[in-house]
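Observations on chain architecture
If you want the building blocks of each chain, they are given just below.
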Amino acid sequence: MEIQKSTIKNIGIALISLIVIVFLIIAFSNKPVTSSANSGAPIISGDEQIIDLTAKVGYTPQNITAKGNSNTILRVATKNTFDCSSSLRIPSLNITKLLPATGSTDISLGTPIPGTEINGTCSMGMYSFKIKFT
């Protein structure tokens, strides 16, 4: 029994098509995790504030305004994050964190004075966020 070249070619095309379809379904079904209901507004408790940031295909929200002269915690949430946003950098504070694929990571930003801007990026510099302290 001899298999014809056209049959092998058709099977190969079908397999490649199936792989492409599966890849597209996976790539486009992972919607970014939305940030908490406060949309990036810091949660203030006493003299401490917590800023919620989501890392998945970038950072959400990208622009945040926070209160200066407050001890500040950046709380970064991930959920099935496998892109470069899982490697967060804040060069001005010499912070580099490899985030878990799913979970929450607290990063201390200290007590920035009003007028300070903190810029963060992924390890490749593709995605960024900015925190302005007033």
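Values in this document were obtained by computation on a predicted structure and should not be read as measured data. (Residues numbered from 1 in each chain as written. Predicted model: local features only at pLDDT ≥ 70, side-chain atom pairs only at ≥ 80, totals over all residues. Heavy atoms only, no water.)

**Describing the overall build of the protein**
Rules: Runs of H or I in DSSP of at least four residues are treated as helices and runs of E of at least two as strands, each being numbered from the N terminus. Working definition: with a 1.4 Å probe on protein chains only, accessible area under 20% of the residue-type maximum means buried, over 50% means exposed, and in between means partly exposed. The contact criterion used throughout is that any non-hydrogen atoms of two residues lie within 4.5 Å. For every accessible area listed, the method is Shrake-Rupley and the probe measures 1.4 Å; residues are considered covered only by the protein chains on display.
Scanning the protein from terminus to terminus reveals one helix and 10 strands. Listing every helix and strand of the protein by position from the N terminus yields α-β-β-β-β-β-β-β-β-β-β. Buried positions account for 32% of the 134 residues belonging to the protein. In the protein, 54% of the contacts between residues at least 6 apart in sequence involve partners at least 24 apart. Surface summary for the protein: the accessible area is close to 8,400 Å², and the carbon and sulfur share equals 60%.

**Concerning unusual backbone geometry**
Here the bond from T60 into P61 is cis, since omega is -5 degrees, no more than 30 degrees from zero. Position of P61 among the secondary structure elements: in the loop between strand 3 (59–60) and strand 4 (63–66). Although it is not a glycine, N80 adopts a positive phi angle of roughly 55 degrees.

**Describing the pattern of salt bridges**
This is how the line gets drawn: Within this document, salt bridges are pairs made up of a side-chain nitrogen of Lys or Arg and a carboxyl oxygen of Asp or Glu, the two lying within 4 Å of each other.
On inspection of all chains with the given rule, the structure shows two salt bridges. Measuring nitrogen to oxygen at the nearest pair gives 2.7 Å for the salt bridge that ties D106 to R75. With D106 in strand 8 (residues 103–110) and R75 in strand 5 (residues 71–78), this residue pair connects regions lying 31 residues apart in the sequence. Judged by relative accessible area, D106 falls into the partly exposed class, the value being 41%. In this structure, E117 engages K130 in a salt bridge whose closest nitrogen and oxygen atoms are separated by 3.9 Å. Here E117, found in strand 9 (residues 117–122), pairs with K130, found in strand 10 (residues 128–133); they are 13 residues apart in sequence, far enough to count as distant.

**Overview of a nonpolar patch on the surface**
Heads up, the condition is: Patch definition: residues above 30% relative accessible area lacking any salt bridge, with like charges linked at up to 9 Å and the nonpolar side chains Val, Leu, Ile, Met, Phe, Trp and Tyr linked at up to 5 Å.
Together, I11, L15, L18, V22 and I26 make up an exposed nonpolar region whose accessible area comes to about 460 Å². Looking at the element boundaries, L18 is found in helix 1 (residues 5–29).

**Description of the environment of T96**
Assignment of secondary structure puts T96 in strand 7 (residues 95–98). For T96, a relative accessible area of 56% translates into the label exposed. Along the backbone, T96 and C122 are 26 residues apart, and their C-alpha atoms lie at a distance of 9.2 Å. Those residues in contact with T96, other than ones at most four positions away along the chain, are L88 and R89.

**Focus on the packing of aromatic side chains**
Operational definition: Centres within 6.5 Å make a pair out of two Phe, Tyr or Trp rings, where for Trp the six-membered ring is used; the pair is then stacked when the planes are under 30 degrees apart, edge-to-face when over 60, and tilted otherwise.
For the coordinates displayed, the defined rule picks out one aromatic pair. Ring centres 5.1 Å apart and planes at 70 degrees place the aromatic pair Y59 and F129 in the edge-to-face group. Here F129 lies in strand 10 and Y59 lies in strand 3, a separation of 70 residues in the sequence.

**Some words on the sheet that holds strand 4**
We apply this condition: In this scheme, strands are said to pair when DSSP sees at least two bridges between them. Axis angles are defined between N-to-C directions and span 0 to 180 degrees, where every axis is a line fitted to C-alpha atoms and, for a helix, only to the segment in contact.
Reading across the sheet, the five strands line up as 4-10-9-6-7 and stay open at both edges, with mixed pairing between neighbours. Because the sheet does not close on itself, it has two edges, and the strands there are strand 4 and strand 7. Strand-to-strand twist of the sheet, defined as the mean angle between neighbouring strand axes without regard to direction, takes the value 20 degrees. Across four bridges, the pairing between strand 6 (residues 87–90) and strand 7 is antiparallel. Bridged to R89 within strand 7 is T96.

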